[in-house]
Amino acid sequence: MDSKPTIVSPFTGIQFLDAWSDPDRLIADKGTHLSPLLQDLLTWRGSLTQRLENRMGKKVELQLISHDHVHSWPDDWDVWKDSDAFDLETALLVRNAWLVLGGNRLVFAHSQIVINNVPESDYHSIKEGNQALGYLFIANNGQLTRKDLQLNRVLLCDSPLFSDFRIMDPCWCRRSLFHVNDVLLARIIEIFPPMIKKKKGS
């Protein structure tokens, strides 16, 4: 009998502090101290990479960590609890990557991509791991819509993935669904460690 490959969840050791909430509501309640830049990025509904480049005036690079194929989602990964879930038998390409600017890792992006809904040319580009999903979907397919955007706060101090950040205070994250031309292509989780500084004039 073939055994399924063991995939380590990038959310191991991460503690979610709040219920997933509407961005404006959670920022008003917990995030009034955030910089205008971070508030803008957390609530942006288009391509985050494109928005980062427009705000920072520099090219954002994609640093691929891993990508894996799964044919059913493990029951213990409950990050999407209380949200629209994929069918348990949906074939997914799971990708973990950093958005990097000037050598600094700014945003961690975890993507669950619906293989059957992605054009073959996009699938190969995604596997190459050198282009952000938002950019790719906009360039090749049409209008990108980020639906069901919700925010949360997280503690990362026990996470192996974020161990070198030495983060003790809560950080922010968000989840959303990528639709292109009204077709669901991916679910996205993005985590913002405290690396983004307020830009002069922002």
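Source: prediction; values computed, not measured. (Residues numbered from 1 in each chain as written. Predicted model: local features only at pLDDT ≥ 70, side-chain atom pairs only at ≥ 80, totals over all residues. Heavy atoms only, no water.)

Engineer: Which residues make up the pattern of salt bridges, and what values go with them?
Structural biologist: Scanning the entire structure with this criterion turns up seven salt bridges. A salt bridge links R55 to D40, with the nearest nitrogen and oxygen atoms 2.9 Å apart. Separated by 15 residues along the polypeptide, R55 in helix 3 (residues 48–56) and D40 in helix 2 (residues 36–43) bring together distant segments of the chain. D40 sits in the buried class, given a relative accessible area of 16%. Here E190 ties to R174 by a salt bridge, and the two come within 2.5 Å at their closest N and O atoms. Placement of the pair is E190 in strand 7 (residues 183–192) and R174 in strand 6 (residues 171–180), with a sequence separation of 16 residues. Note on accessibility: E190 and R174 belong to one class, buried. Because the salt bridges share partners, they merge into one network encompassing D40, R51 and R55. (Salt bridge = Lys/Arg side-chain N within 4 Å of Asp/Glu carboxyl O. Helix = DSSP H or I, 4+ residues; strand = E, 2+ residues; numbered from the N terminus. Buried < 20%, exposed > 50% of the residue type's maximum accessible area, 1.4 Å probe, protein only.)

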